[in-house]
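Overview (structure and organization)
For reference, the chains in residue letters:
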Amino acid sequence: MVALWGPLAVYAVVLALHAVLPGRWVDGYLIDDATGRPLRYRLNGLRVLVVTLVLYAGACALGWMPWEWFYLHRWPMAAGACGLGVLFTLWIVLPAPPNRGMPWDLYLGRIANPRWADGRLDAKMFLYLVGAVMLELNIVSFTAYHVITHPGAVSPGLILHALLFSFFVVEYLFFEEVHLYTYDFMAERVGGKLGWGCLVFYPFFYPIGLWAVADRPDPHTPVPLLVLYALIFLSGWTLARGANLQKFWFKRDPTAKAFGVLEPRAISGGGRYVLSGGFWCLSRHINYLGEVLMATGLTLCLGYPLVFTPWLYPLYYVALLVPRQIDDDRRCAEKYGPLWEEYRRRVPSRIIPWIY
Ligand code: NDP
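Residues numbered from 1 in each chain as written. Predicted model: local features only at pLDDT ≥ 70, side-chain atom pairs only at ≥ 80, totals over all residues.

1. Some remarks on the domain arrangement of the protein
- When the domains of the protein are assigned, the result is domain 1 (1-219) and domain 2 (221-356).
- Here the C-alpha centroids of domain 1 and domain 2 sit 23 Å apart.
- The set of elements that each furnish at least two residues to the side of domain 1 that touches domain 2 consists of α7 (156-174), α9 (183-187) and α11 (208-213).
- Looking at which element gives the most residues to the side of domain 1 that touches domain 2, the answer is α7, with eight residues.
- Grouping the amino acids of the side of domain 1 that touches domain 2 by side-chain chemistry returns 16 nonpolar, four polar and one charged. (Domains from an automatic or database assignment. Helix = DSSP H or I, 4+ residues; strand = E, 2+ residues; numbered from the N terminus. Nonpolar A, V, L, I, M, F, W, Y, C, P; charged D, E, K, R; others polar.)

2. Concerning the pairing of strand β2 (residues 38-43)
- Pairing geometry for strand β1 (residues 24-31) and β2, over five bridges, is antiparallel. Paired with Arg24 across the strands is Leu43, a residue of β2.
- Adjacent in sequence and paired antiparallel, β1 and β2 are bridged by six residues, among which Gly36 carries a positive phi angle near 75°. (Pairing = 2+ DSSP bridges.)

3. Details of the nonpolar core
- One finds Leu127, Leu129, Val130, Val133 and Leu199 to be the most contacted residues of the largest nonpolar core, which totals 87 residues.
- If you tally residues by element for this core, the top one is helix α6 (residues 123-149), at 16 residues.
- Summarising the domain contributions, this core has at least three residues from each of domain 1 (1-219) and domain 2 (221-356).
- When sequence neighbours within four positions are dropped, the list of residues in contact with Leu199 reads Ala81, Leu84, Gly85, Phe88, Leu127, Val130 and Gly131. (Core = buried A, V, L, I, M, F, W, Y, C linked by C-beta atoms within 7 Å. Buried ≥ 20, exposed ≤ 12 C-beta atoms within 10 Å, placed from the backbone. Contact = placed C-beta atoms within 7 Å.)

4. A few points about helix α10 (residues 192-205)
- With 14 residues, α10 extends just 16 Å between its outermost C-alpha atoms, more than 12% less than the 20 Å of an ideal straight helix rising 1.5 Å per residue.
- The largest bend in α10 amounts to roughly 50° and is located at Cys198.
- The buried count for α10 comes to 11 of 14 residues, which makes it a mostly enclosed element.
- Within the sequence span of α10, burial applies to Gly192, Leu194, Gly195, Trp196, Gly197, Cys198, Leu199, Val200, Tyr202, Pro203 and Phe204. (Expected span 1.5 Å × (residues − 1). Bend = angle between axes of the 7 residues up to and from the residue.)

5. Topic: the site of the ligand
- The full set close to the ligand counts 19 residues, and Thr182, Tyr183, Leu275, Asn287 and Glu291 are the nearest of them.
- Elements with a minimum of two residues in the shell around the ligand: α9, α12 (223-252), β6 (272-275), α13 (286-301) and α14 (312-336).
- Grouping the amino acids of the shell around the ligand by side-chain chemistry returns nine nonpolar, four polar and six charged.
- The residue makeup of the shell around the ligand includes at least three contributed by each of domain 1 (1-219) and domain 2 (221-356). (Near = placed C-beta within 6 Å.)

Given below as structure tokens:
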């Protein structure tokens, strides 16, 4: 079946575009043990996304493939991606020296930052890029299927969902550099969790809501409710992006005001700083609440709140981020000692202010 090879073709195009399109070099957050300087990264994610979408639109406009091709072939595409994810995991894990034993190594990986061609190609950044591009192709194609099969009765909520989800992908690539300052880069190695996760789970599970309801008719969600759902998404985005940007700027310059207005309030000692103002005084991981709210807003927009499958998307964030917060809290307590104790005292909520 030709669609089984679809992900390989898409991922090869993304790899080629990432290699040939102009990119900007930035300093990462991690220090290169060999040089004592920050690892450098070459970023061009947004360009790769735009060119891939133009190629897809061009192929569809010329009649080489139907707009809804990725929807029609979603199962073999997901199966093909699954095979690639397994092969990638074996390829990246097995040749490296063992770490914690085979099952854990296959899941969590052995190498922290695999990179090639003098850092032009970084495994983590490429995996996130390829996942984001495939996710966007699925969003566009699944939406196209709905539009084509429901002429004159297109669901405005489904279109809103697709627009907000596309915004989520585009803004992630726009702020690609901020991603270099996250847990994935500090605490994760490249194994099945990241490799399989980005090649399969990210592009094929995230659109599970569209996957489940693209063939359903317009649920006629009242406009005020759609506005409310969009606001839930946007409030989540404000919390997640606001907190991440504030921390990103703070790490680069602990004396600078965030967004030109937020004073850099921090607990300091021994040359270390724990940010305790702005977004970071609401809870110790307000950005995680933001992610859950965004996913909830997206799910509600689809207009089928009693269908369970689309809820798997926000539930996945809860399952991912609650243990991650606990692990990160332990990691930060070890790293910052009494500063973190003081931060916990000042900001007792883990994720949801006053509740959790
Ligand atoms: P954080 O961005 O919160 O990063 C945690 C790290 O930041 C800590 O280990 C610590 O590292 C530093 N830190 C945390 N709190 C403070 C503080 N108060 N002051 C100073 N430094 C602090 O979490 P993640 O990296 O997990 O997530 C980043 C973003 O990505 C989040 O918005 C998250 O929701 C999102 N995300 C999105 C996913 C998706 O699929 N859409 C999946 C997973 C995450 P150190 O001090 O060593 O710098």
